[in-house]
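# Topology and contacts: notes
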Amino acid sequence: MSHEEKQLYGLIGYPVGHSFSAVMHNAAFKHLGINAEYQLFEVPPDKLEEFFKKTVFEKKIKGFNVTVPHKEQAFGLISASVSISAAMNRSVNTVSVEPDGTLSGTNTDGAGFSFDLKERGVGITGKRVVLLGAGGGAKSVATAVTALNPQRLAIFDIDHSKTEVLLGILDQYFPHVSVETVSSLDELKIPECDILINATPVGMRTDDPLLVRPEWLHSGMFVYDLIYNPQKTELLKVAEGSGCLTANGLGMLLWQGVLAFQFWTGKHAPVDVMRKALMEKINA
Ligand code: NAP
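In short, a report on the structure. (Residues numbered from 1 in each chain as written. Predicted model: local features only at pLDDT ≥ 70, side-chain atom pairs only at ≥ 80, totals over all residues. Heavy atoms only, no water.)

With that settled, consider the sheet that holds strand β8 (residues 179-181). Within the open sheet, the six strands sit side by side as β8-β7-β6-β9-β10-β11. Their pairing is parallel. The sheet is open, and its two borders are formed by β8 and β11 (245-247), each paired with just one other strand. When strand polarity is set aside, the average angle formed by the axes of neighbouring strands in this sheet is 15°. Sheet topology places strand β6 (residues 128-132) next to strand β9 (residues 195-198); four bridges connect them, and they run parallel. Each residue of the ladder has a partner; that of V129, found in β9, is I195. In this fold helix α5 (residues 109-120) packs onto β9, β10 (222-225) and β11, with an angle of close to 140° to the strand it touches most, β10. (Pairing = 2+ DSSP bridges. Helix = DSSP H or I, 4+ residues; strand = E, 2+ residues; numbered from the N terminus. Axes fitted to C-alpha atoms, helices over the stretch in contact; angles between N-to-C directions. Contact = heavy atoms within 4.5 Å.)

This is how it looks when you write it as structure tokens:
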């Protein structure tokens, strides 16, 4: 019998207590008979550099996910290669510790979103898309959407400096796609869009306002909320009531995790095992 040391993986963020990632990765390790464990590491911003340069090696961590608020600062701490998705967004959500001790990074959030839409049979190409938010999650979604050649993408965030940064990225990588940043919700022309995506945190709390007017939503529209806890935000409830097709962000969480798992292990991730673990956790 082998007495191999247990491999350590995990998530860094601040805070991380709310995370659903451990259950899906630990279920995948167990299913594949890999002697590994995924743990949560709460790392305050002033300890991030130390984590990358010291803690990773002291704890012999093989790979880790990065979440709020570290994704952009972590990009600057990658010592080996970064993938094109990480380079475009200038942020990483997945880091692998290479055998030579260097760190390589990628960002699986955007592809996670695209895989979820593909699984749902929702296409982006030629569609009019509206995106609420221009923060970390929105950036990944925006680059994924734009790569699929929508007819138009309109973006709104209360922080206009973030929409401008995002517009700069999209113009650089996808100059042929019509992207518009607007300074009010009215200018998004939501009633005319085919796909509405919420990538703001608005809706996480029950007393959060509804960002859109219910009469803007109609059947034939697909409404996606990156929020998955609560499973059904007020936006999704109203959208459902208006006959829209809807989805929350649990599928995006699943697929970004699947891609991260494959980035670390080089093995085919057991998607349905990971999906079941996530569903059990969210319904617990
Ligand atoms: P973030 O980086 O803080 O970005 C959120 C953005 O929304 C910020 O720019 C924020 O502006 C803006 N915003 C806040 N209130 C707004 C409003 N009323 N109207 C328009 N814009 C508003 O956060 P994030 O990491 O992108 O996360 C956003 C949400 O997506 C969270 O609920 C998160 O859990 C979810 N998410 C889900 C997944 C998934 O896998 N399903 C992945 C990533 C994120 P200020 O900074 O000025 O407040």
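Next, the rest of the story.
What follows deals with the sheet that holds strand β3 (residues 61-66). A sheet is described by the order of its strands in space; here five strands give the open sequence β2-β1-β3-β4-β5, paired in mixed fashion. Only two strands of the sheet have a single neighbouring strand rather than two, namely β2 (36-42) and β5 (103-106). Averaged over all neighbouring strand pairs, the angle between strand axes comes to 20°, with direction disregarded. Here β3 pairs with strand β4 (residues 94-97) via three bridges, running antiparallel. Looking across to β4, one finds that F64 is bridged to V95. Along the sheet face, helix α1 (residues 21-32) touches β1 (7-13), β2 and β3 and points at about 165° away from the line of β2.

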